[in-house]
Amino acid sequence: RPQIFSLRSSGFSTATSPSNKQDPPRVPNLIGGTFVDSQSSSSIDVINPATQEVVSQVPLTTNEEFKAAVSAAKQAFPSWRNTPVTTRQRVMLKFQELIRRDIDKLAHNITTEQGKTLKDAHGDVFRGLEVVEHACGMATLQMGEYVSNVSSGIDTYSIREPLGVCAGICPFNFPAMIPLWMFPVAVTCGNTFVLKPSEKDPGASIILAELALEAGLPKGVLNVVHGTNDIVNAICDDDDIRAVSFVGSNTAGMHIYSRAAAKGKRVQSNMGAKNHAIILPDASEDATLNALIAAGFGAAGQRCMALSTVVFVGDAKSWEKKLVERAKSLKVNAGTEPDADLGPAKERICNLIQNGVDSGAKLLLDGRDIVVPGYERGNFIGPTILSGVTPDMECYKEEIFGPVLLCIHADSFEEAINIVNRNKYGNGASIFTTSGIAARKFQNEIEAGQVGINVPIPVPLPFFSFTGSKASFAGDLNFYGKAGVNFFTQIKTVTQQWKDLPGGSGINLAMPTSQ
Ligand code: NAD
């Protein structure tokens, strides 16, 4: 029999606290309000990328357990959808309070499992917390529409209703924010949910699930199951799951988009990126360089909105030297160390850097051989800058997802815009300039879903939506904001007639019209 943890606590976060040096704990599933250890004998090690220590073990949940999670969500749906929206909002009000209370614990878990600095891990939680805050206003967000007297004595109104069981599949780079983009909006709309965290850093999802239960989310409304491809495919194929939210790479995202859609599900799929900044020579030099450094190297470049390519127009090219000087001053260290600017990142990145060098780009700053004292086994890469990159190079075409800035030179603003627009991704693009005319042209002509004007990482707050486009998004309803509420609800349109009908008017077989 599976080991049963207590109802309100998984026992997981205390087991992974820094003072506890026992064997790495298994990460529990959450099924029907109970944290249970999977019966599966297969599991994957969750590794601290700064030390290579095994933090915990994540099970490859069995199909039977997955079915139990979906069944719990299905069972919880009728009563949860009929729970007043004000009650559902109150659960979110309590949930946001509890996230604030435990933000240090969440951040510590993120830094241990994902590697980003503690300060950045706080930001990860906070950007998700803002979505929970937004969900607290669901009654207004979910309002329908009403037109009185569309025909004589007839009114029409539309209602936004929940879909049923929804599922979320998460990436490794934002272990708190991305689960919080998904289930708070879904459940406050009245849906129930099955969450599949990233197998690389599932801890934050478990802590968040504990807090959601503590906030009063009834059992079965949120379920958490772990695993990799098999469980993802099971989510896509399951007949009881009505919608799938995915965030991650293009390979997984397009597979999930087509497999789940073939089963008639709604899918929103946020995928990879290559975010550009165009620098015009009239930009404010100091502020622009600081913005490029922060957006290129923050979170070791492992944000989907990280800046990965700088297009210097004309004389702005001469700023490269200062860019390198500022990048050199950043401190690479374990995320838990207070002076860390960059935490550890992956080795795959090194191959793409080498590819740039082999294709003729100039390596102005090489972070590949960095050794961090005290963390010699860590997966670190320091800030890296490649200059003279051209759009045909592999390092430009592929998403690097590391602390690497590629510099391209363009002779004119038009050429710079063309370079950005020819790239297949469309997550974000920024311009740095003091010219309103150039900024307006950029806003109109650039083919990216999220545009920054003197803002390097233009991630919208939750009252707007996260609007990546082109190869960075598949689906038509984006995450959070109005689009997020629309994704998790379907419209029912009601036409009602209340009038005294004359008895002797007879039967009319013609199509009813409102004339
Ligand atoms: P990933 O695609 O490897 O994994 C994401 C999820 O998909 C995981 O839960 C994983 O178990 C599952 N998965 C992976 N391969 C699969 C397969 N073949 N079949 C079925 N399921 C599979 O992504 P990652 O490395 O965890 O995250 C980094 C990627 O996510 C980057 O490409 C980044 O740009 C992207 N990302 C995008 C956004 C956005 O909003 N656009 C936000 C964050 C991250």
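Please read these numbers as outputs of a predicted model, since none were measured by experiment.

K.L.:
Can you explain helix α16 (residues 436–445)? Please cite residues and give values.
P.N.:
For α16, the complete set of buried residues consists of Ala438, Ala439 and Phe442. Each buried residue of α16 lies within a common arc of 100° when the element is viewed along its axis, so the set occupies one face. Of the residues in α16, the exposed ones pointing more than 90 degrees away from the buried face are Gly436, Ile437 and Arg440. For α16, the secondary structure elements touched by its buried residues are β12 (275–279), α15 (413–422), β18 (428–432) and β19 (450–453). The opening residue of α16 is Ser435, an N-cap whose side-chain oxygen sits 3.3 Å from the backbone nitrogen of Ile437.

K.L.:
I'd like a rundown of the sheet that holds strand β5 (residues 145–151), residues and numbers included.
P.N.:
Sheets are built from strands paired through backbone hydrogen bonds, the pairs being either parallel or antiparallel. The strand order across the open sheet formed by three strands is β5-β6-β22, and the pairing between neighbours is antiparallel. Only two strands of the sheet have a single partner each, and these edge strands are β5 and β22 (489–497). Neighbour-to-neighbour, the strand axes of this sheet turn through a mean angle of 25°, independent of strand direction. Judged from the four bridges that link them, β5 and strand β6 (residues 154–162) form a sheet pairing that is antiparallel.

K.L.:
Give a detailed account of the site of the ligand, specifying residues and quantitative values.
P.N.:
Residues in close proximity to the ligand total 26 residues, the closest being Cys170, Lys196, Glu199, Ser249 and Glu399. Phe172 has a polar backbone atom sitting 2.9 Å from an oxygen atom of the ligand. A distance of 2.5 Å separates an oxygen atom of the ligand from a polar side-chain atom of Ser249. Out of a free accessible area of 830 Å², the ligand has 89% covered by protein chains. Counting residues per element, the ones that place at least two in the shell around the ligand are α7 (177–188), α9 (229–237), β10 (241–247) and α10 (250–262). A class-by-class count of the residues in the shell around the ligand yields 14 nonpolar, nine polar and three charged.

K.L.:
Explain the sheet that holds strand β14 (residues 362–365) residue by residue, including any values.
P.N.:
If you walk across this open sheet you meet the seven strands as β14-β15-β16-β13-β12-β18-β19, and the pairing is mixed. Every interior strand has two partners, whereas the edge strands, β14 and β19, have only one. Neighbour-to-neighbour, the strand axes of the sheet open up by a mean angle of 20°, direction not taken into account. Relative to strand β15 (residues 384–387), β14 is paired through three bridges, and the arrangement is antiparallel. Bridge pairing in β15 places Leu363 opposite Leu386.

K.L.:
Talk me through the side chain of Thr51; I want residue IDs and the actual numbers.
P.N.:
Within the secondary structure, Thr51 is located in the loop between β3 (43–47) and β4 (54–59). At a separation of 3.2 Å, a polar atom in the side chain of Thr51 contacts the main-chain amide nitrogen of Glu53. Ignoring sequence-local partners within four residues, the contact set of Thr51 consists of Tyr375 and Arg377.

K.L.:
Before we move on, can you summarise the side chain of Asn478 with the specific residues and values?
P.N.:
Considering the arrangement of structural elements, one finds Asn478 in the loop between β21 (473–474) and α17 (481–487). Once residues within four sequence positions are removed from consideration, Asn478 is found in contact with Gln268, Ser465, Phe466, Thr467, Gly468, Phe473, Ala483 and Gly484.

Reading the values: the criteria
Residues numbered from 1 in each chain as written. Predicted model: local features only at pLDDT ≥ 70, side-chain atom pairs only at ≥ 80, totals over all residues. Heavy atoms only, no water. Buried < 20%, exposed > 50% of the residue type's maximum accessible area, 1.4 Å probe, protein only. Helix = DSSP H or I, 4+ residues; strand = E, 2+ residues; numbered from the N terminus. Arc of directions from axis to C-beta. Contact = heavy atoms within 4.5 Å. Polar contact = N/O pair within 3.5 Å; in protein donor to acceptor, adjacent residues only side chain to side chain. Pairing = 2+ DSSP bridges. Axes fitted to C-alpha atoms, helices over the stretch in contact; angles between N-to-C directions. Near = heavy atom within 4 Å. Areas by Shrake-Rupley, 256 points an atom, 1.4 Å probe, with all protein chains shown as cover. Nonpolar A, V, L, I, M, F, W, Y, C, P; charged D, E, K, R; others polar.

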